[in-house]
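A closer look at the structure
Take a look at the letters that make up each chain.
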Amino acid sequence: MAEGAQKRLQSELDKFQTVQKDVAKHIGLRQQLEGQLSENTLVKEELDRLEDGAGVFKMVGPALIKQDLKEAKQNVQKRIDYINGELKRHEKLIKDLEKTADTHRENLNKLQQQFQQAQVKAAAKA
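Residues numbered from 1 in each chain as written. Predicted model: local features only at pLDDT ≥ 70, side-chain atom pairs only at ≥ 80, totals over all residues. Heavy atoms only, no water.

With that settled, consider the overall build of the chain. Counting secondary structure elements, the chain contains two helices and two strands. Written out in order from the N terminus, the α and β elements of the chain read α-β-β-α. Since a compact globule built from 126 residues should have a radius of gyration of about 14 Å, the 26 Å found for the chain marks it as more spread out than a globular shape. In terms of its C-alpha atoms, the chain occupies a principal-axis envelope of roughly 90 × 25 × 15 Å. Among the 126 residues that make up the chain, the fraction classed as buried is 24%. Of the roughly 9,400 Å² that the chain leaves accessible, carbon and sulfur atoms contribute 53%. The average position of the 23 basic charges and that of the 20 acidic charges among the side chains of the chain differ by 7 Å. (Helix = DSSP H or I, 4+ residues; strand = E, 2+ residues; numbered from the N terminus. Rg over C-alpha atoms; globule rule 2.2 N^0.38 Å. Buried < 20%, exposed > 50% of the residue type's maximum accessible area, 1.4 Å probe, protein only. Areas by Shrake-Rupley, 256 points an atom, 1.4 Å probe, with all protein chains shown as cover. Lys, Arg positive; Asp, Glu negative; His and termini not counted. Charge placed at Lys NZ, Arg CZ, Asp CG, Glu CD.)

With five bridges joining them, strand β1 (residues 56–60) and strand β2 (residues 63–67) adopt antiparallel strand pairing. Bridge pairing in β2 links V56 to Q67. Hairpin connection from β1 to β2: two residues lie between these consecutive antiparallel strands, with G61 at a positive phi of about 65 degrees. (Pairing = 2+ DSSP bridges.)

What the rule picks out here adds up to seven salt bridges. When the shortest N-O distance is used, the salt bridge between D48 and K44 registers 3.3 Å. Placement of both D48 and K44 in helix α1 (residues 2–49) is noted, with a separation of four residues, approximately one turn of the helix. For the salt bridge of D48 with K73, the shortest nitrogen-to-oxygen distance reads 4.0 Å. Of this pair, D48 sits in helix α1 while K73 sits in helix α2 (residues 69–125), and the two are 25 residues apart along the sequence. Classification of D48 by relative accessible area gives partly exposed; the value is 42%. Several salt bridges converge on common partners, so that one network encompasses K44, D48 and K73. (Salt bridge = Lys/Arg side-chain N within 4 Å of Asp/Glu carboxyl O.)

Next up, the structure:
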């Protein structure tokens, strides 16, 4: 009885730890996206300050290529929209993974109690 409970406990612990690693990974990715969003927001603010017809250059490899201001603003806005979408996706993933982690945590607590009860019964029989 105690061996089976211990195996179930170890299995549940492994699942819990895997979910915790996934949560940490997605939190790191979310932080990276937040940094990119901040950078792109600053770029958009700078582009908004420019007058129409101002020279804007885009780095392509080692060269600077002249780019239309309107096109540059559209590109930056598209990047901001994409990053916001990715942030929402990661937030949802993190919430779902945290719910899963909570379920595993509850299961772990139940299994621990069962394991302890089995040990007490085994000690009483001995």
